[in-house]
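Summary of structural features
So you can see what is in the structure, the chains are spelled out below.
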Amino acid sequence: MPLAELMSQIQELPKIDKLRLMQFLATELVKEEDANFFVANREYPVWSPYNCSEAANVLMNLLATKQQEKNG
């Protein structure tokens, strides 16, 4: 099937099917890129906003500054 024909069919899909297609394509690309991208029983660090008080303080100071500018 030519790419142009495939693209026209994709445009007709409902939003949820387009999202599923994106997920499928992303998974396929990862598989092709590196078969060992995720290895079973291995830990992968994930960033979390918890315990990031410095970032929270920066945001609170920015909010306070904007409120003062708005009121002042």
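The present account deals with the structure reproduced in this document. Computed from a prediction, not measured in an experiment: that's the story for all the values here.

Notes on the overall build of the chain
Along its length, the chain carries 3 helices and 0 strands. In the chain, the succession of α and β elements from N to C terminus is α-α-α. Principal axes of the C-alpha set define a box for the chain whose edges measure 65 × 40 × 20 Å. The buried share of the chain, reckoned over its 72 residues, is 0%. Surface summary for the chain: the accessible area is close to 7,300 Å², and the carbon and sulfur share equals 59%.

Considering the pattern of salt bridges
The final tally for this structure, using the stated rule, is 2 salt bridges. Linking D17 and R20 is a salt bridge whose minimum nitrogen-to-oxygen distance equals 3.2 Å. Linking D17 with R20, this pair stays in helix α2 (residues 15-33), spanning 3 residues, or about one helical turn. In this structure, E69 and K66 form a salt bridge, with 3.8 Å as the shortest nitrogen-oxygen distance. With a gap of 3 residues between them, E69 and K66 both fall in helix α3 (residues 53-71), about one helical turn apart.

Reading guide: rules and limits
Residues numbered from 1 in each chain as written. Predicted model: local features only at pLDDT ≥ 70, side-chain atom pairs only at ≥ 80, totals over all residues. Heavy atoms only, no water. Helix = DSSP H or I, 4+ residues; strand = E, 2+ residues; numbered from the N terminus. Buried < 20%, exposed > 50% of the residue type's maximum accessible area, 1.4 Å probe, protein only. Areas by Shrake-Rupley, 256 points an atom, 1.4 Å probe, with all protein chains shown as cover. Salt bridge = Lys/Arg side-chain N within 4 Å of Asp/Glu carboxyl O.

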